[in-house]
Structure formats: structure tokens, C-alpha cells
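Examination of the molecular architecture
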Amino acid sequence: MGTGVVAAVAAVAVATTGSGTQAPNVAAPNPGATDSATTTVQDAPLMHLVSYLVTAPQPKGDATLILRETVSNDGTKVAVWDLFADNGDYYFTKTREALPAQVKGKHVQADKADMAARQKVVAAAELAAKGDLNEARKQMALAYLPANPKVTPTLEAPGVVPSLSDEAKKKRGAQAINGTDNWVWNNSMQALISGAGSPTVRAGVLRLLGQMPEVTVKQGTLDGQPVLTLAAGLPAVSDGESVTVNADTGLPIKFTNAGGFVNYTVTRVNLADIANGTF
């Protein structure tokens, strides 16, 4: 994510509350025989949470409604509404009251390329939850690239610090970035938006982030909730970024970067109810 703009990360309430259900004590999922990658963040609370999420029931509804409140470092505050339908449709309004007309008129505000990319990051997270983590990492990294790029990108292993070119070394402040880790981090944040209502997506994102050694996990509390804060640094991002999730449910509740932070209030809804104004 850019350091001057706070990224959009969705916090999900599978009902209408943010506390969720206590995660049971179960073992971490087996990544599968085809998964040659190794989870490098051996954090028991994180793996415990993933184990819960991969078997958690899918919530009711066919869309995820997000109140996105952005607070910039200069004190500027902006609150808007995002509505992500499970079929890939996206609606945006500045007020809650404007949503019914948008949905009833089917005023979808995303082009085909954006919709396709968002569906790809969700699919990659779903694969990461229960399948081949290496393949899921590849799919997540490349989700926003064109189908046939002019230059085939080189995929790097998690945490590998690439060598700087001689030209880069001459530049003041040049930093070696693992491009694959950078794509996986950024696109995983997008998966948490587009697939916000799915515990499977949340599990997959946590597994992908747990594979990167530069992502640290810290336990704490936020507004009375037990939380895990996953913080990324070099070589994934040049400036520190973090996402905070509920430690019992995996519901993302805050994203922070150099530009400020974003808080989210998210619920599962039915599009028909939105169109009728009964939500």
C-alpha cells in the first residue's frame, strides 16, 4: 500500500456484533502434500485462530456492508459506505440512506477488470485456507496483473531480501523490496475487503501472512477485545503497516500505515433488504 494513503481493510461481523464466537482448541490445518512452503510465523494464537476459521460456518446473507472510517495523520476524517455482493458487484455511497437507490437501480461501481481481480484475490485466499499454500501465494501475488504481461514476473520466496542493483544502491534511501511479499500483503488486504463475510477467506489471508517471516504477531486488546496485530516491515513494505484482527474470530478491525488508520464496522446483509430499505 502507498504510505500516503490509508488502505481499505474490512472488519467483518458475521452477525451484527463484533465479538464473534470463542475459537475452540483444535489443531492447525494440514497444508497438504502438495504444499512445499513452510509457515515461518510459528505463532500458536495465530495458528489456533486459523484452525477455527477453516471449519467455521459461512454466515447468512449475500453481501457485506462496510462502514469505512478513515482518519488521516492531519486529523481529516472521512466516513463512507461500501457494499460488496458475493456475486462480485460493488456499490459505494457517502451515506447509508443512499444505498437503497443504488442497489435497486443496480448502479454497480466497478469495471469488469476490477471485479475479476477482486474475485481472484478471494479465490486465492480460499485456496490458502485449505489447499496448496505455494499455489495460493502465487495466485494472490499475481491477481491484479494482466493475464499476459509483457514481462513475466519473478516470484520470490517469503522473506527473501533481493539484491539491490548498482543504480539503486546509489539512490539515497533505496530499500530492497521482496516484490512477491509486497503483492501478497497488499492483495491480501484487498481479499479482506472483497471477501469480508467469509471466515474461509480470513483463514487463508492469515495463513498467507503467517508464511512471511517479516510479518510479526503481537497479542493485545483494543476497545475491550482480545486482538492479534500482524505488522509487516521490510522486505514486504518500505514503511511499516499493520492489520489488527479479533483474536477469537479473525475479524479485522483496524488497518494502519504511514498515512493514518482505518476502522470498519461491517455486517452481513441481503441485497433485497438493502433495495427495500429494510436493513
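In case you missed it, the structure is sitting above this.
One structure accompanies this document, and this report is about it. The structure presented is a predicted model; accordingly, all values stated were derived computationally and were not measured.

Next up on the list: the overall build of the protein. The secondary structure content of the protein amounts to 8 helices and 8 strands. A burial count over the protein gives 48% of its 279 residues as buried. By sequence separation, contacts in the protein at least 24 residues apart represent 62% of the contacts at least 6 residues apart. Carbon and sulfur atoms make up 53% of the accessible area of the protein, which totals about 13,200 Å².

Let us now look at empty space enclosed by the protein. In this approach a probe as big as a water molecule rolls over the atoms, and the regions it shows empty are the leftover space. Within this structure, the stated rule accounts for 1 cavity of 30 Å³ or more. Lining of the largest cavity is provided by Leu-192, Arg-202, Val-205, Leu-206, Leu-209, Val-243, Val-245, Gly-250 and Pro-252. When residues of the lining of the largest cavity are traced back to their parent elements, those giving at least two are helix 7 (199–210) and strand 6 (241–246). Per-element accounting of the lining of the largest cavity gives the leading share, 4 residues, to helix 7.

This part is about the sheet that holds strand 5 (residues 225–232). An order of 3-2-1-8-7-6-5-4 is seen for the 8 strands of this open sheet, with the pairing classed as antiparallel. Strand pairing shows two members of the sheet lacking a second neighbour, strand 3 (90–93) and strand 4 (215–222), which therefore form its edges. When the angles between neighbouring strand axes are averaged without regard to direction, this sheet yields 20°. Here strand 4 pairs with strand 5 via 8 bridges, running antiparallel.

Another aspect to go through is the side chain of Thr-244. Turning to its location among the elements, Thr-244 is positioned in strand 6. Among the polar contacts made by the side chain of Thr-244, one reaches the side chain of Thr-229 at a distance of 3.1 Å. Each residue touching Thr-244, except ones within four places of it in the same chain, is listed here: Leu-222, Val-227, Leu-228, Thr-229, Leu-251, Pro-252, Ile-253 and Lys-254.

A word on the packing of aromatic side chains. What the rule picks out here adds up to 1 aromatic pair. With centroids separated by 4.8 Å and ring planes inclined at 35°, the aromatic side chains of Phe-84 and Tyr-90 adopt a geometry described as tilted. For Phe-84, a relative accessible area of 7% puts it in the buried group. Between the NZ or CZ atom of Lys-254 and the centre of the ring of Phe-261, over which it lies, the distance is 4.4 Å.

Right, let's talk about the pairing of strand 8 (residues 260–269) for a bit. In summary, the side chains of a regular strand alternate between the two faces of the sheet. Both strand 1 (residues 63–72) and strand 8 contribute to a ladder of 10 bridges, which runs antiparallel. Residue pairing for strand 8: Leu-67 is matched across the bridge by Thr-265. Bridging between strand 7 (residues 252–257) and strand 8 involves 4 bridges; their strand directions are antiparallel. Note on strand 8: the bridge partner recorded for Thr-256 is Phe-261. As consecutive antiparallel partners, strand 7 and strand 8 are separated by 2 residues.

Next up on the list: the pattern of salt bridges. Side-chain pairs of opposite charge can arise where the charged atoms are in close proximity. Across all of its chains, the model carries 5 salt bridges by this definition. Asp-82 is the partner of Arg-68 in a salt bridge, and the nearest nitrogen-oxygen pair spans 2.6 Å. Residue Arg-68 is located in strand 1, and its partner Asp-82 is located in strand 2 (residues 77–85); the two are separated by 14 residues in the primary sequence. In terms of burial, Arg-68 and Asp-82 fall into one category: buried. A salt bridge links Asp-89 to Lys-106; the nearest nitrogen and oxygen atoms lie 2.7 Å apart. Of this pair, Asp-89 sits in the loop between strand 2 and strand 3 while Lys-106 sits in the loop between helix 2 (99–104) and helix 3 (112–130), and the two are 17 residues apart along the sequence. Asp-89 sits in the buried class, given a relative accessible area of 9%.

The next subject is the side chain of Thr-200. As for its placement among the helices and strands, Thr-200 is situated in helix 7. The buried category is assigned to Thr-200, whose relative accessible area is 12%. In this structure, Thr-200 is in contact with Leu-53, Gln-58, Ala-125, Glu-126 and Ala-129, ignoring residues within four places of it in sequence.

Turning our eyes to something else, we now look at the nonpolar core. With 42 residues, the main nonpolar core has Met-140, Trp-185, Leu-209, Leu-228, Leu-230 and Val-243 as its most contacted residues. Those elements that provide at least two residues to this core are helix 1 (44–53), helix 3, helix 4 (133–142), helix 6 (179–194), helix 7, strand 4, strand 5 and strand 6. Residues within four places of Met-140 in sequence aside, it is in contact with Val-121, Ala-124, Ala-125, Trp-183, Val-184, Asn-187, Ser-188, Ala-191 and Leu-208. By size, the runner-up hydrophobic cluster in this structure holds 13 residues, among which are Tyr-91, Val-103, Val-269 and Leu-271.

About the cut-offs
- Residues numbered from 1 in each chain as written.
- Predicted model: local features only at pLDDT ≥ 70, side-chain atom pairs only at ≥ 80, totals over all residues.
- Heavy atoms only, no water.
- Helix = DSSP H or I, 4+ residues; strand = E, 2+ residues; numbered from the N terminus.
- Buried < 20%, exposed > 50% of the residue type's maximum accessible area, 1.4 Å probe, protein only.
- Contact = heavy atoms within 4.5 Å.
- Areas by Shrake-Rupley, 256 points an atom, 1.4 Å probe, with all protein chains shown as cover.
- 1 Å grid on protein atoms, 1.4 Å probe; cavity = no way out; pocket = protein on both sides within 12 Å on 5 of 7 lines; lining within 4 Å.
- Points joined across faces, edges and corners; volume = space filled by probe spheres on them.
- Pairing = 2+ DSSP bridges.
- Axes fitted to C-alpha atoms, helices over the stretch in contact; angles between N-to-C directions.
- Polar contact = N/O pair within 3.5 Å; in protein donor to acceptor, adjacent residues only side chain to side chain.
- Phe/Tyr/Trp six-rings, centres within 6.5 Å; stacked < 30°, edge-to-face > 60°.
- Lys NZ or Arg CZ within 6 Å of the ring centre and 35° of its normal.
- Salt bridge = Lys/Arg side-chain N within 4 Å of Asp/Glu carboxyl O.
- Core = buried A, V, L, I, M, F, W, Y, C linked by side-chain atoms within 4.5 Å.

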